[in-house]
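The lines below spell out each chain.
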Amino acid sequence: MSGLAGCDVCLAGILSFRRNESDFNVMNPTASHPKILPATPESIRLASQALRAGKLVGLPTETVYGLAARGDQPDTVAKIFAAKQRPATNPLILHVGDPSAVRALVVIDSEITRRRFEAASSLWPGPLTLVLPRSESVLDCVTAGGDTVAVRVPAHPVALQLLREVSLPIAAPSANVSNYVSPTRPEHVIDGLEHSIEWVLDGGICDVGLESTVLSIANPNAPPTILREGVVSVAKLESLLGENVVSATTPHSAALNASPDTPAASPGMHRKHYSPRTPLRLVPEQNRHPCSRSPDDSKRVLRIQLRGPAKPIAGYADVWSLSPSGVPLEIANRLYETLRRADSGEFDQIEVDQLVTIDWSPDCNPNLLAAISDRLCRAANQDDVPADH
Ligand code: AMP
Ligand code: MG
C-alpha cells in the first residue's frame, strides 16, 4: 500500500477540508468581473431579486457552481437548457434552503421511503442529491418527463442564504456549457456563460469540487441506489439507512455509452462529459513517456499526476500534480480547475494518471475514488483500464 496520509472515510472529512480560510472568499472576492458579486447580504438580495424576476444566476455550492433559475416556471427552466445547450432529456436538480421545503416537491407514500428519506436527508445541507417520486407541482421540463425528481439542500452558506431568501425551488445544474468541465470558481461561470447570467455570487473555491452524489430512493421495492458517485461514501449511507446501498454506476461503460441526445438509464450520465477541448488520455501512473509521439514530434504534452511531487519528465512540456501528498479530497478539489487551466491552449495533449493503476490506502473513501475515476474517464472518453503502452 502506498501509505497515503489524510485519506477521508466519511462526510465529516469534507467540512474539515478547506485549504485555508482565504480560499473561501465570501467577503473578499479575488475575481474581478462586473458580473461577479462579493457575497454580501446586499448582493444576495440582488441575486434573489434577479432569480424571482426570471434571470439566471451563478450560484456557489460546496460541490460546483450552479446555473440557477427558478424551477417553478417553464420559461425560466428553458433558459437553463438554452444557455447550457443541454439536451432536454437530461433532468435538473431542484435546490431548496431547508429539508422541510423538499416535502412539497416529492411524494413519500410508503413507510420504507419515509424512513429512507428521514435517514438520508440527515446529510443535508450537504453534497447529496436524493431522487424521489415527484409531486404534481414539479414541472415536466425539470424531470425530463420522468416520474421522479432530484432534490438537494446544498451546504454552502451563500447558497443557503440565497435559497432561503428566494424561497422557491431553484433548478441549478452545473454552470458550464454541456459536456465541458464543471466550474469550481466564479470566473469559470463567466467563461462559458457570461452573456446568459445576470450575476455570479462569489463563494470562493468550491470545497468538494465534484458534483453531488445522486442517490435514488424512488422505489421502495429496490435498494437505495447510487446513480452518480460523489464524495458521500456507501459506508456512510449504509450506516445512516441501516440497509444495503447499491451503486448503478460501475462499471463505467455499458449503460453510460448512449449518445448525448438519447435518454439514458441514469439520465445525464453520458459517456463523454466534463471534457476539456484539448485531447486528454489516461495513462498508467508508471508510464512516464508521452504516448503516440515520435522523436521529432513537436507536440506539447502536459502530464497531470494524481499524486506525488511534480518533477520535470523528459518529453513532457510540463508536469503538474493534483495532490503532492496524495489526498483524494484534494485531488477532487483541484481536478476541474486544473483541467480548465490545462485547456488554455498551451498544450496539444493532456495525459493524466489512471486512478486504477494506483495503490490507494484502504482507508480512502472508495466512492470518492470512484467519482474521480468516473469524471476522468468521461473527460477522456475512455474506460479506466490500463492502456497497453
Ligand atoms: P448536473 O446538475 O448538471 O450536475 O446534473 C444533474 C444530474 O442529476 C443529471 O445528469 C442526472 O444524472 C441526475 N438527475 C437529475 N434528475 C434525475 C432524476 N429524476 N432521476 C435520476 N437522475 C437524475
Ligand atoms: Mg453538469
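All figures in this text were calculated on a predicted structure; none of them were measured in a lab.

Parameters at a glance
Residues numbered from 1 in each chain as written. Chains lettered and ligands numbered in written order. Predicted model: local features only at pLDDT ≥ 70, side-chain atom pairs only at ≥ 80, totals over all residues. Heavy atoms only, no water. UniProt positions renumbered as here; feature names shortened; annotations may be inferred. Helix = DSSP H or I, 4+ residues; strand = E, 2+ residues; numbered from the N terminus. Buried < 20%, exposed > 50% of the residue type's maximum accessible area, 1.4 Å probe, protein only. Contact = heavy atoms within 4.5 Å. Polar contact = N/O pair within 3.5 Å; in protein donor to acceptor, adjacent residues only side chain to side chain. Phe/Tyr/Trp six-rings, centres within 6.5 Å; stacked < 30°, edge-to-face > 60°. Pairing = 2+ DSSP bridges. Axes fitted to C-alpha atoms, helices over the stretch in contact; angles between N-to-C directions. Salt bridge = Lys/Arg side-chain N within 4 Å of Asp/Glu carboxyl O.

1. Brief notes about the UniProt feature "binding site: ATP" (unreviewed entry) in the protein chain
Here is step 1: The sites that UniProt annotates as "binding site: ATP" (unreviewed entry) are Thr63, Arg86, Asn90, Thr148, Arg152, Ser174, Arg228 and Tyr274.
Here is step 2: The residue Thr63 is located in the loop between strand 2 (57-59) and strand 3 (66-70) in this model.
Here is step 3: Residue Thr63 is classed as buried on the basis of its relative accessible area of 2%.
Here is step 4: With sequence-adjacent residues up to four places away left out, Thr63 is seen in contact with Pro127, Arg152, Cys206, Val208, Gly209, Leu210, Glu211 and Ser212.
Here is step 5: Of note is the side chain of Thr63, whose polar atom sits 3.3 Å from the side chain of Arg152.
Here is step 6: Along the chain, Asn90 turns up in the loop between helix 3 (74-84) and strand 4 (93-95).
Here is step 7: Engagement of the side chain of Asn90 in a polar contact is seen with the side chain of Arg86, the distance being 3.2 Å.

2. Observations regarding unusual backbone geometry
Here is step 1: Residue Trp124 is joined to Pro125 through a cis peptide bond whose omega torsion reads -5 degrees.
Here is step 2: Note that Pro125 resides in the loop between helix 5 (111-120) and strand 5 (128-133).
Here is step 3: For Gln85, which is not glycine, the phi dihedral falls at a positive 55 degrees.
Here is step 4: Although it is not a glycine, Asn179 adopts a positive phi angle of roughly 75 degrees.
Here is step 5: You can see Asn179 is positioned in the loop between strand 7 (170-171) and helix 8 (186-193).

3. Describing the packing of aromatic side chains
Here is step 1: Scanning all chains against the criterion turns up three aromatic pairs.
Here is step 2: With 5.9 Å between their ring centres and 25 degrees between their planes, Tyr274 and Tyr336 make a pair best called stacked. Placement of Tyr274 in the loop between strand 11 (246-247) and strand 12 (280-283) and of Tyr336 in helix 10 (residues 328-342) is noted, with a sequence separation of 62 residues between them.
Here is step 3: Residue classification places Tyr336 among the buried residues on the basis of a relative accessible area of 1%.
Here is step 4: Centre to centre, the rings of Trp320 and Phe347 are 5.7 Å apart; their planes meet at 85 degrees, and the pair counts as edge-to-face. Taken as a pair, Trp320 in strand 14 (residues 318-321) and Phe347 in the loop between helix 10 and strand 15 (349-353) lie far apart in primary sequence, 27 residues in all.

4. Some words on the sheet that holds strand 15
Here is step 1: The strand order across the open sheet formed by four strands is 12-15-13-14, and the pairing between neighbours is parallel. Edge strands, defined here as strands with exactly one partner in the open sheet, are strand 12 and strand 14. Here the average twist between neighbouring strands, direction ignored, is 25 degrees.
Here is step 2: The pairing of strand 13 (residues 301-305) with strand 15 spans four bridges and is parallel. When the sheet's bridge partners are listed, Ile304 is paired in strand 15 with Val352.
Here is step 3: With respect to the sheet, helix 10 is in contact with strand 12, strand 13, strand 14 and strand 15, its orientation differing from that of strand 13 by roughly 170 degrees.
Here is step 4: Running over the sheet, helix 11 (residues 366-380) touches strand 12 and strand 15 and is turned about 130 degrees from strand 12.

5. Digging into the pattern of salt bridges
Here is step 1: A full pass over the atoms with the stated rule returns 19 salt bridges.
Here is step 2: Between Asp374 and Arg378 there is a salt bridge, with its nearest N and O atoms 2.7 Å apart. Taken together, the positions of Asp374 and Arg378, both in helix 11 and four residues apart, correspond to about one turn of that helix.
Here is step 3: The exposure class assigned to Arg378 is buried, which follows from its relative accessible area of 1%.
Here is step 4: Because the salt bridges share partners, they merge into one network encompassing Glu211, Asp374, Arg375 and Arg378.

6. What to know about the side chain of Asn365
Here is step 1: Structurally, Asn365 can be placed in the loop between strand 15 and helix 11.
Here is step 2: Here Leu368 takes part through its backbone nitrogen, which lies 3.0 Å from a polar atom of the side chain of Asn365.

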